[in-house]
Amino acid sequence: MDAFEYRGKTLFCEDVKIEDIIGDVGTPTYIYSKNAILARYSELKTAFSDVDTLICFSVKSNSNLSICRCLAQEGSGFDVVSGGELFRAINAGGSPSKIVFAGVGKTDKEIKYALENNVFMFNVESISELEHISRLAGGLDKRAHVALRINPDIDAKTHIKTTTGKKENKFGIDFSTAEKIIRKSSKYSNVSLSGLHVHLGSPIYTVDPYVHALKKVLVFIERCRSTGVDIEYVNVGGGYCISYTGEKVIRSEAYAIKMLPIIKEMQCKLILEPGRYIMGNSGILVTNVIYRKETVHGKKFIICDAAMNDLIRPALYDAFHRIWPVNTNIKLPAVENPKRSVIKKGMELVDIVGPVCESSDVFAFGRALPKLKEGDLLAIFSAGAYGFTMSSSYNSRPRACEVLVDGKKYCIIRKRETYEDLIRGEEFTKC
Ligand code: LLP
């Protein structure tokens, strides 16, 4: 959370006071630090610089055009999973020659769109998809570059809803099916099979699952080469972790130290698809306390103007996000224990909830926070990845505003939605 720090009693993003931004744009608002984004990108790039590495920022983590543009300007490629994400990446200035297209269910329309734009590579997840790509590429008189996404049946020890590399998951192709594809690769005349892709899940807090997967992939690459199919690229996907609690977690160098020797042995070029690593701690969500409510049973609710429609991670994955007042005399603890909140003088145990009509609309249960009153601002930390992109207008709530800070300056990079935006495209029935 380096880009977001308390100076005296108030929270800053880089050199801008959060309360100044909010005074200008209101709440709820996502605020991102441009320099934190660029620092994380370059940290990863440096850590893996021993081999030829292309970083493809995972657009699903944060697809805002300005953010994608900042990364494109640094030379980043993009990992997209839909025609819409491809449209965004291109519009942000991303070079199609650095775009990889993943996802289990690419439609013919999306495949054609990607072929017409000459994307770098398709990460293919089934034989049927490979057949579609080959046929559509033939129709356009093109040759598609393809990486087979392998499902290595490895438990990345992450949340059950974000695990992707186990045999029961819908993602990827098992090794024996991949081998059949490799043996018959000449059948796919408009496809050039030049890569292998593996993404195990997200977030992954140790390097071991990556090493385990890479070792399996290395054996497979040798088999591919023995049948005359050269594998030029290995794509290790994303999943690199961030700290949500303040606790130290591993960083890019730790991943690189253990992964690079295997990549070198493979003699492959490397592709990485980080999302959260770059964006997670580069953004916060700021919300305003609307009401306090206390029950006779002793429960205290802090009702704020952000809700599960703005940030769904706590409701969907029981995810822990640190929450702290923007202005406070009490210091944000260096590390928090998600299972046990520690109360100090001037603090109380509260549930932080939103206005949506669902009992799951809770950002924090039984959290120790400085005593809050109506009108106080709260920062929800580590919200830069899978925050806005997973937001919706459920309960017909206009989606939040997004702001990017750069040093002493800030800009709105997505306007707050209006009621008019909510009904755009709807028509009264004519039948
Ligand atoms: N590559 C592929 C093929 C992916 O499926 C994903 C994420 C990534 C890269 C980027 O993963 P990252 O580096 O950001 O961990 N909504 C969940 C996370 C879902 C991740 C989906 N795939 C969350 O809020 O935690």
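Residues numbered from 1 in each chain as written. Predicted model: local features only at pLDDT ≥ 70, side-chain atom pairs only at ≥ 80, totals over all residues. Heavy atoms only, no water.

Quick word on the site of the ligand
The immediate surroundings of the ligand are formed by 18 residues, with Ser-202, Glu-273, Arg-313, Tyr-317 and Tyr-386 found nearest. Interatomic distance of 2.6 Å between a side-chain N/O atom of Arg-313 and an oxygen atom of the ligand. Tyr-386 has a polar side-chain atom sitting 2.6 Å from an oxygen atom of the ligand. For the ligand, whose free accessible area comes to 590 Å², the fraction covered by protein is 92%. Looking at the shell around the ligand residue by residue, the classes come out as four nonpolar, eight polar and six charged. (Near = heavy atom within 4 Å. Polar contact = N/O pair within 3.5 Å; in protein donor to acceptor, adjacent residues only side chain to side chain. Areas by Shrake-Rupley, 256 points an atom, 1.4 Å probe, with all protein chains shown as cover. Nonpolar A, V, L, I, M, F, W, Y, C, P; charged D, E, K, R; others polar.)

Structural notes on the packing of aromatic side chains
Evaluation of the coordinates by the stated rule reveals nine aromatic pairs. With 6.4 Å between their ring centres and 80° between their planes, Phe-57 and Phe-78 make a pair best called edge-to-face. Taken together, the residues span a long stretch of sequence, with Phe-57 in strand 5 (residues 53–58) and Phe-78 in strand 6 (residues 77–80) at a distance of 21 residues. Classification of Phe-57 as buried rests on a relative accessible area of 0%. Site record: aromatic cluster; members linked through ring pairs are Tyr-30, Tyr-32 and Phe-388. Positioned above the aromatic ring of Tyr-277 is the side chain of Arg-40, whose terminal nitrogen or guanidinium carbon lies 3.9 Å from the ring centre. In this structure, Lys-106 is placed above the aromatic ring of Phe-101, and the distance from its NZ or CZ to the ring centre is 5.6 Å. (Phe/Tyr/Trp six-rings, centres within 6.5 Å; stacked < 30°, edge-to-face > 60°. Helix = DSSP H or I, 4+ residues; strand = E, 2+ residues; numbered from the N terminus. Buried < 20%, exposed > 50% of the residue type's maximum accessible area, 1.4 Å probe, protein only. Lys NZ or Arg CZ within 6 Å of the ring centre and 35° of its normal.)

Thoughts on helix 9 (residues 252–266)
The terminal C-alpha atoms of helix 9 lie 20 Å apart, and with 15 residues this matches the ideal 21 Å at 1.5 Å per residue to within 8%. At Met-259, helix 9 shows its maximal bend, which comes to roughly 40°, and the proline Pro-261 appears one to four places after that position. The complete set of buried residues in helix 9 reads Ser-252, Tyr-255, Ala-256, Met-259, Leu-260, Ile-262, Ile-263 and Met-266. Considering only its buried residues, helix 9 is in contact with helix 2 (34–47), helix 8 (208–226), strand 11 (233–235), strand 12 (269–272) and helix 10 (276–279). One or two residues past the end of helix 9 sits Gln-267, with phi positive at roughly 55°. (Expected span 1.5 Å × (residues − 1). Bend = angle between axes of the 7 residues up to and from the residue. Contact = heavy atoms within 4.5 Å.)

Overview of the packing of helix 2 against helix 3 (residues 65–73)
The geometry of helix 2 relative to helix 3 is characterised by a closest axis approach of 10 Å and an angle of 40° between their N-to-C directions. Overall, the two elements helix 2 and helix 3 adopt an arrangement that is oblique. The element helix 2 and its partner helix 3 pack so that their crossing is right-handed. Taking contact as the criterion, the partners of Lys-34, Ile-37, Leu-38 and Tyr-41 in helix 2 are, on helix 3, Ile-67, Cys-70 and Leu-71. (Axes fitted to C-alpha atoms, helices over the stretch in contact; angles between N-to-C directions. Parallel < 35°, antiparallel > 145°, perpendicular 65-115°, else oblique. Left-handed = near helix turned anticlockwise from the far one by under 90°.)

A short note on the domain arrangement of the protein
Looking at the protein, the domain boundaries give domain 1 (4–31 + 280–423) and domain 2 (34–277). Using C-alpha coordinates to define each centre, domain 1 is positioned 32 Å away from domain 2. Roughly 2,100 Å² of surface becomes buried between domain 1 and domain 2 when both sides are summed, with 51% attributable to carbon and sulfur atoms. The largest per-residue losses of area from domain 1 upon contact with domain 2 belong to Tyr-317, Tyr-386 and Leu-404, which jointly make up 25% of the total buried on that side. One salt bridge in this structure joins Asp-406 and Lys-34, with 3.7 Å as the shortest N-O distance. A per-element tally of the side of domain 1 that touches domain 2 places strand 19 (residues 401–406) first, with four residues. The residue inventory of the side of domain 1 that touches domain 2, partitioned by class, reads 11 nonpolar, eight polar and seven charged. (Domains from an automatic or database assignment. Buried area = accessible area lost by both parts, 1.4 Å probe. Salt bridge = Lys/Arg side-chain N within 4 Å of Asp/Glu carboxyl O.)

Some details on the sheet that holds strand 6
If you walk around this closed barrel you meet the eight strands as 5-6-7-8-9-10-11-12, and the pairing is parallel. Between one strand axis and the next, the sheet turns by 30° as a mean value, whatever way the strands run. Pairing of strand 7 (residues 99–101) with strand 8 (residues 121–124) involves two bridges; the strand directions are parallel. Paired with Val-100 across the strands is Met-121, a residue of strand 8. Here helix 6 (residues 127–139) sits on the sheet in contact with strand 8, strand 9 (144–149) and strand 10 (191–197), set at roughly 155° to strand 8. (Pairing = 2+ DSSP bridges.)

Some thoughts on the side chain of Thr-287
Along the chain, Thr-287 falls in strand 13 (residues 283–294). Of note is the side chain of Thr-287, whose polar atom sits 2.9 Å from the backbone nitrogen of Ala-306.

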